[in-house]
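Analysis of the macromolecular model
Listed here are the chains, written in short residue letters.
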Amino acid sequence: MFDLEKDFLYDLSKEVKTGTTVMAVTFENGVIIAADSRTSSGSYAVNRVTDKLTPVQDQIYCLRSGSAADTQIISSYVSYYTNMFSIEEGSQPTVKKAAHMFREFLYQNKQYLHAAIICAGWDPIEGGSVYSLPLGGSIVKQPFATGGSGSTYLYGYCDMNFKENMTEEEAEKFVTYGITEAIARDGGSGGIVRKAIIDKNGVRRKTVYGNKLKKFWEK
Amino acid sequence: MSGIGTGYDLYPTTFSPDGRIFQVEYAHKAVENSSTAIGLCCKDGVVFGIEKIILSKMLVEGTNRRVFSVGEHIGIATAGLTADGRRIVQNARQEAKNYENFTSDIIPIHVLTERLSIYVQVFTLYNYIRPFGCSLMIGSYDEEKGPSLYCIEPDSVALGFYGCAIGKGKQEAKTEISKLKLSEMTCKDAVKEIAKILIKTVHDETKEKEMELEMSWICKETKGKHKLVPKKLIEEAVEWVKGQENEED
């Protein structure tokens, strides 16, 4: 039976499950961010090798989930404004500043937007930090954050495996396995795992291709 | 009555043949007519002191403020047309609030100074609005960066100072300030020294009526917040100055 509400009308207050899994975690020297690589339009994978790790500044990245158009334009606004402010002030922008700018855009335009962002990076004042900015435009600083449709499958995994001040190796494993698991379970996520390690020395990007992804319980 | 810039001084949109904008220079004159204000950058903060001429015994003490807070951490002292000063302070408060809303950080003083400077400059460009007839001293104290003091003049030039004076007695005041060892002075000492300069050097008792001291500071003791110097300290400073006078006589 065709249900007007369920099948047709777009209800903004429900969490819309779009295809993505993104994660960010702080570790002893900075942050590690990771994402899958699928952009879907319904059941068609528009891009199976997407790069969802978007630079805002040299050492500040954002992970985008929700409408690709909305998140792209906002991250370019924040990139622009953090540039202008850092020139005016003569110092590197902090992750806190960039995250709060995201919040300002997301909250003031909440009626029009469908965007959830995780802003993560390293700055000399706080070290590594992760800020979660969900749909409504709130901002929460967290030791780790997950986002996108695949993130629902990771709450248990993260709660059980996260530790404060992990080493780089441990943190890398944490995010890689997390994204792998989400790709396995979530139809909206797939492809490869893209990672970036952000610490005081800069950004190092890594990729784990499909065939190298670890297979967890599978028949 | 023909003056210096006759013919080239009607609007800020006219340069004189020797490259001056007379309207802006006349704005400086407005500042020079006002009573003196001093700002000092000490070891642990910034102190402002203003010589306020008491025009009438009917005026309530502390009225006619010439020093203002912008945010909690920045103080602005004015000389010249107070109304113009208040207008710029209003703009400064707007800037500070917008910056804080957007970035969640308090506005750094050099950013605020830059923005106010740009704002003041706009008023020197057109013939339908006049330049501001006031100078401002902007001060702040940060645990890491230390004290900062900037001065913006009507021509929008903003310079950083260790010690600065604006208004009628600025020349004498600047001479006295240059004799002080500011990097070793605490804010409490600065209160006394400023009181001394304003009462003894700058204020002319024969020509002018009584004066009132308005002083404020941003220092380690106030935890980086701009506050009026407690009345008791000002009274003690005035006593100290009187004591010095007697010693010298």
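Located above this text is the structure these notes cover.
What counts and how
- Residues numbered from 1 in each chain as written.
- Chains lettered and ligands numbered in written order.
- Predicted model: local features only at pLDDT ≥ 70, side-chain atom pairs only at ≥ 80, totals over all residues.
- Heavy atoms only, no water.
- Helix = DSSP H or I, 4+ residues; strand = E, 2+ residues; numbered from the N terminus.
- Rg over C-alpha atoms; globule rule 2.2 N^0.38 Å.
- Buried < 20%, exposed > 50% of the residue type's maximum accessible area, 1.4 Å probe, protein only.
- Contact = heavy atoms within 4.5 Å.
- Areas by Shrake-Rupley, 256 points an atom, 1.4 Å probe, with all protein chains shown as cover.
- Lys, Arg positive; Asp, Glu negative; His and termini not counted.
- Charge placed at Lys NZ, Arg CZ, Asp CG, Glu CD.
- Pairing = 2+ DSSP bridges.
- Axes fitted to C-alpha atoms, helices over the stretch in contact; angles between N-to-C directions.
- Buried area = accessible area lost by both parts, 1.4 Å probe.
- Salt bridge = Lys/Arg side-chain N within 4 Å of Asp/Glu carboxyl O.
- Polar contact = N/O pair within 3.5 Å; in protein donor to acceptor, adjacent residues only side chain to side chain.
- Nonpolar A, V, L, I, M, F, W, Y, C, P; charged D, E, K, R; others polar.

Focus: the overall build of chain B
Across its full length, chain B holds six helices and ten strands. Relative to the 2.2 N^0.38 estimate, which gives 18 Å for 249 residues, the radius of gyration of chain B is 19 Å and therefore close to what a compact globule would have. In terms of principal-axis extent, the alpha carbons of chain B reach across some 55 × 50 × 35 Å. In chain B, buried positions account for 49% of the 249 residues. Across chain B, the fraction of contacts at a sequence separation of at least 24, relative to all contacts at a separation of at least 6, is 65%. Accessible surface for chain B amounts to roughly 13000 Å². Of this, 51% is attributable to carbon and sulfur atoms. Separation between the mean location of the 32 positive side-chain charges and that of the 37 negative ones in chain B comes to 3 Å.

Considerations on the sheet that holds strand S6 (residues 60-66) of chain A
All names here are of chain A. Read across the sheet, five strands follow the order S5-S6-S7-S8-S9 without closing on themselves; strand pairing throughout is antiparallel. Two strands in the sheet have a free side with no partner beyond their single neighbour: strand S5 (53-57) and strand S9 (140-142). Within the sheet, the average angular offset between the axes of one strand and its neighbour, ignoring direction, is 30 degrees. With four bridges connecting them, S5 and S6 associate as antiparallel partners. By the bridge assignment, Thr54 is partnered in S6 with Cys62. Docked against the sheet, helix H3 (residues 95-108) engages S5, S6, strand S7 (115-123) and strand S8 (127-133), running at close to 165 degrees with respect to S7.

Quick look at the pairing of strand S2 (residues 45-53) of chain B
On a regular strand, one side chain projects to one face of the sheet and the next to the other, so that they alternate. Residue and element names in this part refer to chain B. The buried count for S2 comes to eight of nine residues, which makes it a mostly enclosed element. Relative to S2, strand S1 (residues 37-42) is paired through six bridges, and the arrangement is antiparallel. Its bridge partner lying in S2, Cys42 is registered against Gly45. The hairpin formed by S1 and S2 contains two residues between the paired strands.

Comments concerning the interface of chain A and chain B
Reports of interface size often rely on the accessible area that becomes lost once the parts have come together. Opposite the eleven residues of chain A that make contact, chain B presents ten residues. Of the roughly 1000 Å² buried at the junction of chain A and chain B (both faces included), carbon and sulfur atoms supply 58%. Broken down residue by residue, the surface that chain A buries against chain B is led by Glu88(A), Glu89(A) and Lys97(A), which jointly contribute 45%. Taking the shortest distance from any N to any O, the salt bridge between Arg115(B) and Glu88(A) comes out at 2.8 Å. Taken together, the connections running from chain A to chain B amount to six residue pairs in polar contact (both at pLDDT 80 or more). At the level of elements, helix H2 (68-89) and H3 of chain A are the ones that each hand at least two residues to the side of chain A that touches chain B. Ranked by the residues each element gives to the side of chain A that touches chain B, the list is headed by H3(A), at six residues. Its residues placed into classes, the side of chain A that touches chain B shows four nonpolar, two polar and five charged.

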